[in-house]
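Letter by letter, the chains look like this.
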Amino acid sequence: MGGAVVDEGPTGIKAPDGGWGWAVLFGCFVITGFSYAFPKAVSVFFKELMREFGIGYSDTAWISSILLAMLYGTGLGLALNFQPSLIMLNRYFNKRRPMANGLAAAGSPVFLCALSPLGQLLQDRYGWRGGFLILGGLLLNCCVCAALMRPLQAPGPASGPAPQRPPHRLLDLSVFRDRGFVIYAVAASIMVLGLFVPPVFVVSYAKDLGVPDTQAAFLLTVLGFIDIFARPTAGFITGLKKVRPYSVYLFSFSMFFNGFTDLTGSTASDYGGLVVFCIFFGISYGMVGALQFEVLMAIVGTQKFSSAIGLVLLLEAIAVLIGPPSGGKLLDATHVYQYVFVLAGAEVLASSLVLVLGNFFCIRKRPEAAVEEEERRKPPADVRVDSREVEHFLKAEPEKNGEVVHTPETSV
């Protein structure tokens, strides 16, 4: 299952923020690219599948939903690479973690730019069956990237028995005691209901408007190209010293921006309007992708991150299994794409409000006991220290063997 990721890494090891971490970052970049881009890129095959099998939009939408649900919730297939690669990346980077997460997340739009037109080309030449076969072969490259993941080694003596590790639970459900995690999990689950709906249906929307298949598939390339720059930029901004403490609010804004883009994109009536929608959706979608795991790490910490991400992805798997098919069901009933985009936008907007309001009212306020304890430990404001007493204290170290023992505070 998605939560069954055992974090066996040693504790107390400082993240190198580089070194072999760059190889881990590259592997995570490729794995993330295939994991997120493939379920969206297969949407170029939907029209052909509908014609061959005589099915509707809701039936074809199940393809992307099942792929994403398998990725998030089952721990099978791409999830065997995806979840461990995120855990490894967050072990190798600490100070540079927001930037590393942003660069790794950029793999999704980079591969989307390539896989979408490639999928259309393969369909035109080999049919949807041959296209699926070739794309499946490309996914095997994730095995090579998985070989780059090396666990951090704890410093210790060259000889002697290895220290005993404390037992690890397969699923650490104690993260549900953290109010911040609960709010994040609820908001993320609501967000996923509508987050993946527009990329799944935008190509079919363009084809229904009479746009040629190649140009329709190009919409995902536009979305992915903008997303390439949005993710590293969002990661860099989040890593700034003055911005990083407010990463939760920045994540809430990115969700709000994405939902608002869906609502305004519902008014598009031609190919140009869909291109503009894909540009702004790429910006907001990139911000969400770059910040989602960074914010989760900031909430639960390094040691609980493996269990937290597994449980969050498990909850998201349930939501993503509902989102696109429900949009397809609405489209089959109304034959109006605008309603689908409005529904997706409303769901993402609701998730942003859940996160920001929950964080503001439930997390931002600390318990009064903790505040009182902190105030009690503060030195009295009216106590004054004489400068001569400070000088006497710093020079109080006795002389040894005729030499003055210098302290770091007094040595120049």
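Further up the page is the structure itself.
Report on the accompanying structure. (Residues numbered from 1 in each chain as written. Predicted model: local features only at pLDDT ≥ 70, side-chain atom pairs only at ≥ 80, totals over all residues. Heavy atoms only, no water.)

Here we take up empty space enclosed by the protein. According to the stated counting rule, one finds three cavities of 30 Å³ or more in the structure shown. Considered as a void within the structure, the largest cavity measures approximately 70 Å³ in volume. If you tally residues by element for the lining of the largest cavity, the top one is helix α12 (residues 271-300), at four residues. The class makeup of the residues in the lining of the largest cavity is six nonpolar, four polar and one charged. Lining the second largest cavity are Y36, L195, F196, R231, Y285, V288, G289 and Q292. In terms of residue count, the dominant contributor to the lining of the second largest cavity is α12 (four residues). In terms of residue class, the lining of the second largest cavity is built from five nonpolar, two polar and one charged. (1 Å grid on protein atoms, 1.4 Å probe; cavity = no way out; pocket = protein on both sides within 12 Å on 5 of 7 lines; lining within 4 Å. Points joined across faces, edges and corners; volume = space filled by probe spheres on them. Helix = DSSP H or I, 4+ residues; strand = E, 2+ residues; numbered from the N terminus. Nonpolar A, V, L, I, M, F, W, Y, C, P; charged D, E, K, R; others polar.)

On to α12, then. An ideal rise of 1.5 Å per residue puts 44 Å on 30 residues; α12 measures up with 43 Å between its terminal C-alpha atoms. Bending of α12 peaks at approximately 35 degrees at the position of L291. Positioned one or two residues after α12, G301 has a phi angle of 90 degrees, which is positive. (Expected span 1.5 Å × (residues − 1). Bend = angle between axes of the 7 residues up to and from the residue.)

This part takes up the pattern of salt bridges. Counting across every chain of the model gives five salt bridges. In this structure, R51 engages E48 in a salt bridge whose closest nitrogen and oxygen atoms are separated by 3.1 Å. One end of the pair, R51, and the other, E48, are both in helix α2 (residues 46-53), three residues apart, so they sit about a helical turn from each other. Ionic pairing is found between R244 and E294, a salt bridge with its closest N-O pair at 3.7 Å. Of this pair, R244 sits in the loop between α10 (213-238) and α11 (247-265) while E294 sits in helix α12, placing them 50 residues apart in sequence. The partly exposed category is assigned to R244, whose relative accessible area is 24%. You can call E294 buried: its relative accessible area is 1%. (Salt bridge = Lys/Arg side-chain N within 4 Å of Asp/Glu carboxyl O. Buried < 20%, exposed > 50% of the residue type's maximum accessible area, 1.4 Å probe, protein only.)

Topologically, S189 is positioned in helix α8 (residues 179-195). A relative accessible area of 16% means that S189 is categorised as buried. Excluding residues that lie within four positions of it along the chain, S189 makes contacts with L315, E316 and A319. (Contact = heavy atoms within 4.5 Å.)

A few words now on a nonpolar patch on the surface. There is a patch of nonpolar side chains on the surface, built from W62, I66, M70, L173, F176, V182, V186, L315, I318, L321, I322 and V354 and spanning about 960 Å² of accessible area. Of all the elements in the fold, those that place two or more residues in the nonpolar patch are α3 (57-74), α8 and α13 (305-334). With four residues, α13 is the single largest residue contributor to the nonpolar patch. Inspection of the secondary structure puts L173 in the loop between α7 (141-146) and α8. (Patch = residues over 30% accessible without salt bridge, like charges linked within 9 Å, V, L, I, M, F, W, Y side chains within 5 Å. Areas by Shrake-Rupley, 256 points an atom, 1.4 Å probe, with all protein chains shown as cover.)

Turning our eyes to something else, we now look at the nonpolar core. F201, F251 and L296 are the most contacted members of the largest nonpolar core, which has 99 residues in total. The element that contributes the greatest number of residues to this core is α12, accounting for twelve residues. Aside from chain neighbours lying at most four places away, what touches F251 is Y184, M191, V288, L291, Q292, V295 and L355. (Core = buried A, V, L, I, M, F, W, Y, C linked by side-chain atoms within 4.5 Å.)

Right, let's talk about the packing of aromatic side chains for a bit. For the structure shown, the criterion picks out 17 aromatic pairs. Pairing Y205 with F341 gives two aromatic rings, centres 5.8 Å apart and planes at 55 degrees, and the pair type is tilted. Taken together, the residues Y205 in helix α9 (residues 197-208) and F341 in helix α14 (residues 337-363) connect sequence positions 136 residues apart. The class of F341 is buried, set by a relative accessible area of 1%. Taken together through their ring pairs, the aromatic side chains of F196, Y205, F277, F281, Y285, Y337 and F341 make up a single cluster. The ring of W20 has R150 lying over it, and the distance from NZ or CZ to the ring centre is 3.8 Å. (Phe/Tyr/Trp six-rings, centres within 6.5 Å; stacked < 30°, edge-to-face > 60°. Lys NZ or Arg CZ within 6 Å of the ring centre and 35° of its normal.)

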